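# Topology and contacts: notes
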Amino acid sequence: MKRIVVLGAGFGGMQATIELDRIFRARPDVTILLVNDQNFFLFTPLLPEIASSYINPRHIVQTVRDIRGRRRFGFWRDDVRSINVDRRRIELAGGSLEYDYLVVALGSRADYFHVPGAREHTWDFKSLEDAVALRERILDLCEHADHTADPAARRRMLTFVVVGGGYTGIELVAEVHDLLFGYILRRYRGIPREEVRLIVLEAESEILRGVHPSLVAHAQKRLQKQGIEIRLHTRATRCFPDGVEINGREIIPADTVVWTAGVRAPELVESLPGPHDRIGRAIVNEHLQLDAHPEVFVVGDSSAAITAKDAPRVAPVAIAHGRLAARNIAHRERAEPLESYRYVSQGALVSLGMNHAVVDIAGIKFSGYFAWLLWNAVHLFKLVGLKKQLQVAADWLLAVVFPRDASIVRRPRRCRLCGTQGP
Ligand SMILES: Cc1cc2nc3c(=O)[nH]c(=O)nc-3n(C[C@H](O)[C@H](O)[C@H](O)COP(=O)(O)OP(=O)(O)OC[C@H]3O[C@@H](n4cnc5c(N)ncnc54)[C@H](O)[C@@H]3O)c2cc1C
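Residues numbered from 1 in each chain as written. Predicted model: local features only at pLDDT ≥ 70, side-chain atom pairs only at ≥ 80, totals over all residues. Heavy atoms only, no water.

Below, the discussion takes up the site of the ligand. Around the ligand, a shell composed of 28 residues is seen, among which Gly12, Asp37, Thr44, Asp301 and Ala315 lie nearest. Here Asp79 contributes a side-chain N or O atom positioned 3.2 Å from a nitrogen atom of the ligand. Between the ligand and Val314 there is a distance of 3.4 Å, counted from an oxygen atom to a backbone nitrogen or oxygen. Within the complex, 84% of the 990 Å² of free accessible area of the ligand lies under protein. Within the residue set of the shell around the ligand, elements represented by two or more residues are helix 1 (11-23) and helix 10 (315-333). Residue contributions to the shell around the ligand peak at three residues, all from helix 10. A breakdown of the residues in the shell around the ligand according to their chemical character gives 13 nonpolar, nine polar and six charged. (Near = heavy atom within 4 Å. Polar contact = N/O pair within 3.5 Å; in protein donor to acceptor, adjacent residues only side chain to side chain. Areas by Shrake-Rupley, 256 points an atom, 1.4 Å probe, with all protein chains shown as cover. Helix = DSSP H or I, 4+ residues; strand = E, 2+ residues; numbered from the N terminus. Nonpolar A, V, L, I, M, F, W, Y, C, P; charged D, E, K, R; others polar.)

A word on the environment of Ala153. For Ala153, the location among the structural elements is in helix 6 (residues 151-157). Separated by 102 residues in the primary sequence, Ala153 and Asp255 have C-alpha atoms spaced 9.1 Å apart.

Time to look at the nonpolar core. Formed by 124 residues in total, the largest nonpolar core has its most connected members in Ile60, Ile83, Ile90 and Leu180. The element contributing the most residues to this core is helix 7 (residues 167-187), with eleven residues. In this structure, Val115, Ala118, Cys239 and Ala254 belong to the second largest nonpolar core, which totals 16 residues. (Core = buried A, V, L, I, M, F, W, Y, C linked by side-chain atoms within 4.5 Å. Buried < 20%, exposed > 50% of the residue type's maximum accessible area, 1.4 Å probe, protein only.)

Its place among the elements puts Glu202 in the loop between strand 13 (197-201) and helix 8 (213-225). In this structure Glu202 comes out as buried when scored by relative accessible area, which is 7%. In this structure the side chain of Glu202 is engaged in a polar contact, spanning 2.8 Å, whose partner is the backbone nitrogen of Gly165.

Here we come to the side chain of Asn285. Residue position: Asn285 is located in the loop between strand 20 (282-284) and strand 21 (289-290). Accessibility expressed as a relative area gives 10% for Asn285, which makes it buried. Not counting residues within four places of it along the chain, the set of residues in contact with Asn285 comprises Asp291, Ala305 and Ile306. (Contact = heavy atoms within 4.5 Å.)

Turning our attention to the packing of aromatic side chains. For the structure shown, the criterion picks out six aromatic pairs. Centroid distance Phe11 to Phe41: 5.0 Å. Interplanar angle 80°. Geometry classified as edge-to-face. With a gap of 30 residues between them, Phe11 in helix 1 and Phe41 in strand 3 (residues 40-42) connect regions that are remote in the sequence. The same class applies to Phe11 and to Phe41, which are both buried. Here Arg404 stacks its cationic end above the ring of Tyr54, 5.2 Å away from the centre of that ring. (Phe/Tyr/Trp six-rings, centres within 6.5 Å; stacked < 30°, edge-to-face > 60°. Lys NZ or Arg CZ within 6 Å of the ring centre and 35° of its normal.)

Any functional reading would require information that these geometric values do not contain.
Here it is, written out as structure tokens:
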């Protein structure tokens, strides 16, 4: 009996599991087990639209058991606590596991670059819970700003700072702009338009690093035209509950600072033996294996393949890794030569909010409404399952006619009325 264990049901782990299941379908002597701390797969590219109340949170997740359908792989919802590659053993919150082959696909976590206060006082934006919490935070502050008489307090409530001008930060700020200017200001009559501020802090000289310069210039111009402040060469140097210090000099008073500035590998990955890059990712060989443990494959955001260390941390890379790791496990089983990983860029698609996007696919670059339609079509196509595709398509269509839903369905993490703490 051969036991293959996959840790993480994100883009990389899910793809590896599906591919393994397909390859070993006729091998009852091979068991495949997927372990994840949540019982669903999350489609992260649509998270900014959760924060802006554009689509329903449940519509961008698919349960692992529904994805499995008639496939035969096993699934455990559990938390991985440690990986012992010498003993080929994994400790979980609820037990332990042994394996013959292991695929590690545990994604990444926020990196706060040791900025004082960043971990405690900024809002993360990586998970479904983060997106829902941020949505409710924004709505909660608007509810209070609507009747707050103190202008300084009101301005602080209505200032939203996003640290990091990468894909996530820019898509998020564009969505929050749509929520505030397209919905909130029309209904919250006590909020003066000129007091709403959206600010992006970017440490480098440009936003959207990796995107073609002409599209970056276009995106920056459009966001600035909408009143979004893009502050380049600007680092968050301290974070407080009610603001952020930048470049060690100026303080921006703001009740909401969102951290999208950097990621690093989870501690479990950092603790794997062998070399790691500066953000803790396991450096794997061209077959995606740990050199000293060829039965261990590391994929997606957790890994840096020696042949493509600069590949971006995006879903297509994780999917390609997952597929290749599965095929290489099959090759090892059949004593065949392994395949090597080569990064092939699939272009860039960045949404700039309702009706506008920038696109760079196969060397063709364009922006505007048709780019936005393409962005929607691609993401809809990539969502897992017809039900989810229909639900998201329905959310988008309904948003053309009906207003967004601004109900706060759970107690916000830091509510000014009840005083609960957050983030
Ligand atoms: C807000 C946001 C927007 C994004 N937008 C895009 C986009 O538009 N296009 C794009 O290509 N990429 C986008 N990305 C990046 C993309 O999501 C990642 O590159 C991709 O998810 C990496 O896949 P992965 O399998 O390595 O990790 P993930 O998809 O993060 O999966 C890791 C899995 O491991 C699980 N896990 C972690 N720790 C444990 C543990 N201890 N025990 C059990 N399970 C655990 C997690 O719950 C998760 O299910 C976005 C990311 C974010 C956060």
